[in-house]
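# Breakdown of the fold
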Amino acid sequence: QTLVQASPFATLFSSVGSSAMGDAATPIYKCQVQRCQDVGDHVEYCVAVLHRSGLRWQAWRRFSDFVHLHDELLRDFSSEEIARLPVPPRKSWLPSFTQSAEFLEQRQHELQAYVAAVVGQPALVRHVAVQELLGVQPPDQPAGVR
């Protein structure tokens, strides 16, 4: 089982506090693809997310989830908006058990650059596919009016 780990979560987000909630210049999310793990027939990547309110969570995603995100953004946004994004990593046709630690680390860095660029664009960050990749869950509907 291969495990690649990046810099600690706290280091990336140490300067962001709950006081940033009202600042329009503060990005809604900051994300870091922290590590990846071979889970048998595929590799999953841990996306650490920090909302500008200070709420933090992690979402484990397959490489195909990142591909799906990119396909959805290509479908729903203009080429000018998408042109600002780095090219996402290419799919490897090799089985996950044959991928080296160096390959996985490089892919992790490329996914990090891609996700950071996506969440850095206000027009893209609210897209449902971005929200799904980040593990954002909408609040429950109210039970009724009192």
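Quick caveat, the model's predicted, so the values are computed rather than measured.

Turning our eyes to something else, we now look at the overall build of the protein. A count of helices and strands for the protein gives six helices and four strands. Traced from its N-terminal end to its C-terminal end, the protein shows the element sequence β-α-β-β-β-α-α-α-α-α. Classification of the 146 residues of the protein by burial places 40% in the buried group. Contacts spanning at least 24 positions in sequence make up 61% of the contacts within the protein whose residues lie at least 6 apart. Looking at the protein as shown, the accessible area adds up to about 8,800 Å², and 54% of this sits on carbon and sulfur atoms.

As a further point, take helix H2 (residues 63-76). Between its terminal C-alpha atoms H2 stretches 20 Å, which fits the 20 Å expected from 14 residues at 1.5 Å a residue. Restricting attention to buried positions, one finds in H2 the residues Phe-63, Phe-66, Leu-69, His-70, Glu-72 and Leu-73. The inward-facing, buried residues of H2 abut strand S3 (43-51), strand S4 (56-62), helix H3 (79-83), helix H4 (101-119), helix H5 (122-125) and helix H6 (128-134).

Right, let's get into the packing of H2 against H4. At a minimum axis distance of 12 Å, the contact between H2 and H4 shows a crossing angle of 35°. For the crossing formed where H2 meets H4, the hand is left-handed. Touching Phe-63, Phe-66, Leu-69, His-70 and Leu-73 of H2 are Arg-107, Leu-111, Tyr-114, Val-115 and Val-118, all from H4. A breakdown of the residues in the contact of H2 with H4 according to their chemical character gives eight nonpolar, one polar and one charged.

So, on to the confidence of the model for the protein. Considering every residue of the protein, the mean pLDDT works out to 81; 78% of them sit at 70 or more. Overall, residues 1-22 carries pLDDT values under 50, and its contacts beyond four positions in sequence, including any with other chains, amount to 51 contacts.

Right, let's talk about the pairing of strand S2 (residues 29-38) for a bit. Burial runs high along S2: eight of the ten residues are buried. Relative to S3, S2 is paired through nine bridges, and the arrangement is antiparallel. Paired with Tyr-29 across the bridge in S3 is His-51.

About the thresholds
- Residues numbered from 1 in each chain as written.
- Predicted model: local features only at pLDDT ≥ 70, side-chain atom pairs only at ≥ 80, totals over all residues.
- Heavy atoms only, no water.
- Helix = DSSP H or I, 4+ residues; strand = E, 2+ residues; numbered from the N terminus.
- Buried < 20%, exposed > 50% of the residue type's maximum accessible area, 1.4 Å probe, protein only.
- Contact = heavy atoms within 4.5 Å.
- Areas by Shrake-Rupley, 256 points an atom, 1.4 Å probe, with all protein chains shown as cover.
- Expected span 1.5 Å × (residues − 1).
- Axes fitted to C-alpha atoms, helices over the stretch in contact; angles between N-to-C directions.
- Left-handed = near helix turned anticlockwise from the far one by under 90°.
- Nonpolar A, V, L, I, M, F, W, Y, C, P; charged D, E, K, R; others polar.
- pLDDT = per-residue confidence, 0-100.
- Pairing = 2+ DSSP bridges.

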